[in-house]
Structures are given as structure tokens and as C-alpha cells.
Amino acid sequence: MTGQVEELDRPAETSTGDEYVDLTPEYAREIFDALGEDDSNTASELLSELHFADIADLLGWASSNQRAQLVELIRPDFDPEFLTELDDELREEVINLLGTDVVAEAITELDSDDVVEVIEDFDEEEQRELLGALSDIERARVEEALSYPEYTAGRIMQRELVAIPDYWSVGQTIDFLRSAKSLPDDFYDIIVVDPRYSPVGIVPLSRVIRTNRPVLVRDVMESEEMRTVLVTEEQENVAHLFRQRDLISAPVVDDSGRLVGVITVDDVVDVIDEEYEEDMMRLAGVGEEDDLSSAILDTTRSRFTWLLVNLGTAIMASLVIGMFEGTIQQLVALAVLMPIVASMGGNAGTQTLTVAVRAIATRELTSTNAWRVIRKEVAVCGLNGLAFAVLSGAVTWFWFGDVMLGAVIGVAMIVNLLFAGLFGALIPLGLERAGIDPAVSSSVFLTTITDVVGFFAFLGLAAAFLL
């Protein structure tokens, strides 16, 4: 019947050997219990049921001793792709446990972009040892990728791609795809190139299959919709392009416009995840390398710097309190209430800051709409300030029986939340314009401002109207 696809007769279940169980805390506990009882056979059987990505997660959950045991169990027959699923710190430890000779043999089965990801953090001597296992062509590809700056398209692209001349027919293309011996394991688009090996269009594989053989590729390729990426483009910009244009893949070109690689959506997903994690960690004043697998001293050092900065800002806030020491001594209730004003301002500012940093990262917030966003955030914080001024003023009046004290904390609340909204948006915008990552230090500056303004407004108003 026209317009329908016939359902082929086939078994209800097809066993491909790729059916895995999900890694759950209970399943992991079974494996760890088997390791604790030195029952390697049971542990091996349980491990064999897991996908390589789950094995990577399991290694992250394990203690150092358990990790060493697990690595020994997977050593004889592990999927090399699991190395790409490990965090940087954990990957280095696992590679040391496996041994560079085992890893060198394993990476020969990986795509060039995955090889780069595995070895890029090692020193030159270790890189040479690992690269020695690759063929001359593969080694040259990886070495060229390593020559590009970190966090650029050249580092995440893969050299394995399908490129054809624009004068081929669909039939020639299909015959080539069937007979070629060096095609990528997975690909979705075919890149069309001119005689200079510059991309002129792209053809989805599905379109090739549906088109008649005599049709020329140039007649079915997408040229206006194709987007190329410069090899030195920052990976964050590449991720934005994929997200904005809903791309599956994009050709990568050098300065002369010559095709040198391709970036696929699976690599971009990793970039988006990496950028999100980086911003989240920096907002908390924690280094990118600070994870659950890091050594205690390394983690301590990475967190010390921002804690030191926070100590300095806390001292600034304390100096403001010290200016009103006499006022606090005369009215002890101020010491009880003043943390409320500072805390509310800090929380309101953090809400604005989080929205602003995310909007800058996704390019929703730019200089063209900055003032509109700032006005909105100030208005939102102002309305919240009014609401909480009434609430906190009523509670204070009921608590201490002083209507003027309730009015003072209410006004201070409004003032501090207005400043929180203003600077919660201004600080990340200012840092971004100065070329500084707004996720790195915005929260430290914001906390200082809300503490200082909150204490100064509350204690200053109290000194003026209560004493």
C-alpha cells in the first residue's frame, strides 16, 4: 500500500549482546560486597552486565582500594571508550593503574577526538609513549589537534569524516559509502567539497538514501544552511552555534577555508556539560578540577584562595558594624536583627546573579538588552523588598514591641534588596565587559555589597531615628 512501510517478520526479541543492566546504588553495593569478600568471579560477572559509561561512574563511586580492584577486573577486556567517560583526575589515576602499555593499545580503537581527550592532560613524555602505538597517519592527526589551543574547535573535532566532490552523483556516493574501508563508525552528514577541498555544502545521509542515483549531489546538498567552524573558534561559541541552529554536525576549516575535520553533536553535548559544570563550580568559588576524586590537599588548596577573599570581604562588613558599636550597645535588639537584613539581600542578589550569569553564558543577556534586564531585576527585588519589609516589620514590632524598630528594619530591607537587584545584574555584566569570566568572582563582590549596604542601612537608620 502506498505511503506505508511494511513490517518485516522478525523475532520478538533480538539479542545483540549489548543489553546492559542499569547501574543503581543497590547494584553497585553488590559489586563492592563481592570485592570485600574477595569474590572476583561474582564481581566480574556483575561488571560484565554494565555499559562502559556505567563502569566509569562506578569507578567514581569506589574508594581507592576498590578502584584498584575494579581496574584489575576490567583490564583483560574493557571498552576503550570508557576512558573518555572518566573525569580528568580519575582518568589519570585509572590510566596509571592500567599501565601506559595497555592504554596505548586501547586508544588505537578510538576516534581521533577521543584520543586527544584521553591524552591531552599528560606531559609530553607520556603523550609520546601513548602516541607511539598509533599508526603514522593517526599520530599525525592527533599531534596536529594537540597543537591547537585548549577549549577550541581543533581540540574537539574528529578527523574521521566523509567528504565527496560536488560533481558526483548520488549513485557514485552510495557506491563509495559501500566500498570505502576507512569510514567513521558513525556519521550523519556527508560534506561536499570543491577542488580546493573547501566545504561547499552538506548532505544528510537520509537524503542520499531517498534520492535517485542519477541525481547530482550538488542538486540536493544544503549550502545556505551549512555552517562551518574555524579551527581556532572557542568551543563555547561552537556549542552556542549548535544549540541555536539545531545542528547535527558542522565542518571545521583552517584559516584558508580548507576542510580539516568535523564536529558532531555528541562532542557538543560534552562541551555544554563541561561549561555548565565549570560555571557552577566557579560560582561557588571552587576550582574546575575540584571533584570527589581529588586528593585532600589538592582540594584544600583549590578552595583556600576564595575562602581567603571571603575573609577579606567579611572583615569589610565587620568594619561597618564597628562604626556603629555605640549604637548597638544602646539597643541590643539591633545585634539580633541586623543579620536578617544582610541575609535577605544576599539571597535576593544571588537569585539575580544566577539568572544574569546564565543569560550571559547563553547569550540571552547582551549590551543591547542590558538596561531592560537591570530595570526588571531592580523592580522585582523592589517589590519583594516591599513585601518582606511589611512582613519583617510586623514580626519585629510583635517581637520587641517597638513600632519604630519595625519601620527601620522594613526600610533597610527595601534599600538592601534594591541594591541586591541592581548589583546582581551589574556585576556580571561589568566583569564580562572587562573580559573576566563573570562566574568566577561575581558572588564575592555581590556578598560584600549586600552585607555592607544591609548593615549600613539598618544601623544608620537606627542611629538616626531610634537614639
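Here's what I pulled together on the structure shown here.

### Considerations on the overall build of the protein chain
Working step 1: A tally of helices and strands in the protein chain yields 20 helices and 6 strands.
Working step 2: Over its C-alpha atoms, taken along the principal directions, the protein chain stretches across nearly 90 × 60 × 55 Å.
Working step 3: By the burial criterion, 42% of the 467 residues in the protein chain qualify as buried.
Working step 4: The contacts in the protein chain between residues at least 6 apart in sequence include a share of 65% that link residues at least 24 apart.
Working step 5: Approximately 25,800 Å² of the protein chain is accessible, and the part contributed by carbon and sulfur atoms is 54%.
Working step 6: Of note, the protein chain has its 30 positive side-chain charges centred 10 Å away from the centre of its 84 negative side-chain charges.

### A closer look at helix α3 (residues 52–61)
Working step 1: Residues of α3 that are buried: Phe52, Asp54, Ile55, Ala56, Leu58 and Leu59.
Working step 2: Tucked into the core, α3 has its buried residues touching α1 (25–36), α2 (40–48), α4 (64–74) and α5 (88–98).

### A look at the sheet that holds strand β5 (residues 249–253)
Working step 1: Pairing in this open sheet of 3 strands is mixed, and the strands run β4-β5-β6 from one edge to the other. With partners counted over all chains shown, the strands left at the sheet margins are β4 (229–230) and β6 (259–264), one partner each.
Working step 2: The sheet contact formed by β4 and β5 spans 2 bridges and is parallel. Its bridge partner being in β5, Val229 is matched across the sheet by Val252.
Working step 3: Contacting β4, β5 and β6, helix α13 (residues 235–245) crosses the sheet at an angle of about 65° to β6.

### Observations concerning the pattern of salt bridges
Working step 1: What the rule picks out here adds up to 14 salt bridges.
Working step 2: The residue Glu72 makes a salt bridge to Arg75 at a minimum N-O spacing of 2.8 Å.
Working step 3: Arg218 serves as the salt-bridge partner of Asp166, at 3.9 Å between the closest nitrogen and oxygen. Here the residue Asp166 occupies a position in the loop between β1 (163–165) and α11 (170–179), and Arg218 occupies one in the loop between α12 (205–210) and β4, the gap between them amounting to 52 residues.
Working step 4: A network of salt bridges, in which partner residues are shared, links Glu138, Arg141 and Glu160.

### Re the environment of Ile374
Working step 1: Within the fold, Ile374 resides in helix α18 (residues 370–400).
Working step 2: Looking at Ile374, the relative accessible area reads 4%, which means it is buried.
Working step 3: Once you skip the residues sitting within four places of it in the chain, Ile374 turns out to touch Leu422, Ala425, Leu426 and Leu429.

### Quick word on the nonpolar core
Working step 1: With 44 residues, the main nonpolar core has Ile31, Leu58, Leu70, Phe82, Leu83, Val94 and Ile119 as its most contacted residues.
Working step 2: Per element, the largest residue contribution to this core is 6 residues, and it comes from α1.
Working step 3: Excluding residues that lie within four positions of it along the chain, Ile119 makes contacts with Gln127, Leu130, Leu131, Val142 and Leu146.
Working step 4: Ala317, Val320, Met338 and Phe458 belong to the second largest nonpolar core, which has 19 residues in total.

### A short note on helix α19 (residues 403–433)
Working step 1: Given a rise of 1.5 Å per residue, 31 residues ought to cover 45 Å, and the 45 Å separating the end C-alpha atoms of α19 matches this to within 8%.
Working step 2: Of all the bends found along α19, the most pronounced is centred on Phe423 and spans about 25°.
Working step 3: Two or three places before Met404, at the opening of α19, Asp402 has a side-chain oxygen 3.0 Å from that residue's backbone nitrogen.
Working step 4: Phi turns positive, to about 85°, at Gly435, one or two residues after α19.

Parameters and conventions
- Residues numbered from 1 in each chain as written.
- Predicted model: local features only at pLDDT ≥ 70, side-chain atom pairs only at ≥ 80, totals over all residues.
- Heavy atoms only, no water.
- Helix = DSSP H or I, 4+ residues; strand = E, 2+ residues; numbered from the N terminus.
- Buried < 20%, exposed > 50% of the residue type's maximum accessible area, 1.4 Å probe, protein only.
- Contact = heavy atoms within 4.5 Å.
- Areas by Shrake-Rupley, 256 points an atom, 1.4 Å probe, with all protein chains shown as cover.
- Lys, Arg positive; Asp, Glu negative; His and termini not counted.
- Charge placed at Lys NZ, Arg CZ, Asp CG, Glu CD.
- Pairing = 2+ DSSP bridges.
- Axes fitted to C-alpha atoms, helices over the stretch in contact; angles between N-to-C directions.
- Salt bridge = Lys/Arg side-chain N within 4 Å of Asp/Glu carboxyl O.
- Core = buried A, V, L, I, M, F, W, Y, C linked by side-chain atoms within 4.5 Å.
- Expected span 1.5 Å × (residues − 1).
- Bend = angle between axes of the 7 residues up to and from the residue.
- Polar contact = N/O pair within 3.5 Å; in protein donor to acceptor, adjacent residues only side chain to side chain.

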